[in-house]
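Remarks on the overall topology
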Amino acid sequence: MNEKSLKVLEQYDIQVTGTKRGRGSYICETNMGKKLLLDYAGSEKKLEFVNQVLTVLDSRGYAFTDKVMKNREGNLITRDREENACILKDWYEGRECDTKSAADMEGAAACLAKLHQMLVYLPEDGEIPKIYTAEDLGEEIRRHNRELRKVYTFIKRRQQKNEYEVRFLDCFSMFYEQALEAEKWIGQSDYAALKKQSLEKGSLCHGSFHQHNIYFCGRRQIFVSNFDKCRYDVQISDLYQFLRKMMEKHNWEERTGHQILAAYDREKPIEKREWGYLYARLFYPEKFWKLANQYYNRGKVWIPWKSAGKLKVLTEQQEKRNAFLKTLEDR
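Reading the values: the criteria
- Residues numbered from 1 in each chain as written.
- Predicted model: local features only at pLDDT ≥ 70, side-chain atom pairs only at ≥ 80, totals over all residues.
- Heavy atoms only, no water.
- Helix = DSSP H or I, 4+ residues; strand = E, 2+ residues; numbered from the N terminus.
- Buried < 20%, exposed > 50% of the residue type's maximum accessible area, 1.4 Å probe, protein only.
- Lys, Arg positive; Asp, Glu negative; His and termini not counted.
- Salt bridge = Lys/Arg side-chain N within 4 Å of Asp/Glu carboxyl O.
- Polar contact = N/O pair within 3.5 Å; in protein donor to acceptor, adjacent residues only side chain to side chain.
- Contact = heavy atoms within 4.5 Å.
- 1 Å grid on protein atoms, 1.4 Å probe; cavity = no way out; pocket = protein on both sides within 12 Å on 5 of 7 lines; lining within 4 Å.
- Points joined across faces, edges and corners; volume = space filled by probe spheres on them.
- Expected span 1.5 Å × (residues − 1).

All right, on to the side chain of D80 then. Assignment of secondary structure puts D80 in the loop between β4 (78-79) and β5 (85-90). Summary of buried charges: D80 has no salt-bridge partner, and the nearest side chain of opposite charge, R79, is 7.3 Å away. A distance of 2.9 Å separates the side chain of D80 from the backbone nitrogen of E82, its partner in a polar contact. Not counting the four nearest positions on each side in its chain, D80 is found in contact with S5, V8 and C86.

So this is what it looks like as structure tokens:
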């Protein structure tokens, strides 16, 4: 986004008193509070859906979100002179969640639990659009496992192997066994019933709940941004994503994990089926799949030296990861 894009602000019924650069965006001071101007590559239909969800949150007492503002023509998407799509969102400046702070991580988990209690919304006709429903977890895992086998076969056939490829082959069996075990567990678990119940209730997930979308604004107020991936799903999937990212950063330290889980559970008690779902998600080696997927989709000719380092760390963390998972087995 460049300075020419600021011209689109003329298409809104607001008075702009100042602007400053943000991360790929502009933070605007206006007579209607802070706004964030940024490029947008999605559909207006999805924006309308997200705005509906954020309006529901607002009506239930949670107003600190980044709802998109309509322009003078009543559209959520505004185009600049080069026909680039832009959006203008509500914005609240604050301090990004510090992943080294136990208080921040616990506060974020508690905030997520409160959001989940409010993120229940069914359309007026009672029909949940399939396009906004998460993929079946069993199907997703089976697809990921097929992709892992494809990457393994490709690397195995290569004559000369770089550091990443050597490390990948060395640890493949360990991670792939976990992947198959998770696939088997999901097929035998109560996941289908849990997913059905979630959809019948209209349970929604944030879809991208991590430290870069969580801001502390003072007085314990937390601003949660970027609901772009909001979807109907088992809500514990949000907790899984946040917990996994935090645990990877903390070398799967048991105390850290249990503090995060306890902070969520205090606000919204985790049911037995949800504990099982969470265990299966954590058991699946998602980070290993992500590294393999990135390698394969980047053309394979690129030498992923950073990915080799990440794979090394991932392998070294396995003992502590397994120990933490062991503590969740009987939940």
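Turning next to empty space enclosed by the protein. Enumeration according to the criterion identifies 2 cavities of 30 Å³ or more in this entry. When its volume is computed, the largest cavity comes out at roughly 90 Å³. Around the largest cavity, the lining comprises 14 residues; the ones closest to its centre are E248, W252, P285, K287 and R321. Put simply, the parts of the chain that give the lining of the largest cavity at least two residues each are α6 (236-249), α9 (286-297) and α11 (318-328). At 3 residues, α9 tops the list of elements feeding residues into the lining of the largest cavity.

Our next topic: helix α7 (residues 254-267). Given a rise of 1.5 Å per residue, 14 residues ought to cover 20 Å, and the 21 Å separating the end C-alpha atoms of α7 matches this to within 8%. Burial in α7 covers these residues: T256, G257, Q259, I260, L261, A263 and Y264. For α7, the elements touching its buried residues are α2 (102-118), α6, α8 (272-283) and α11.

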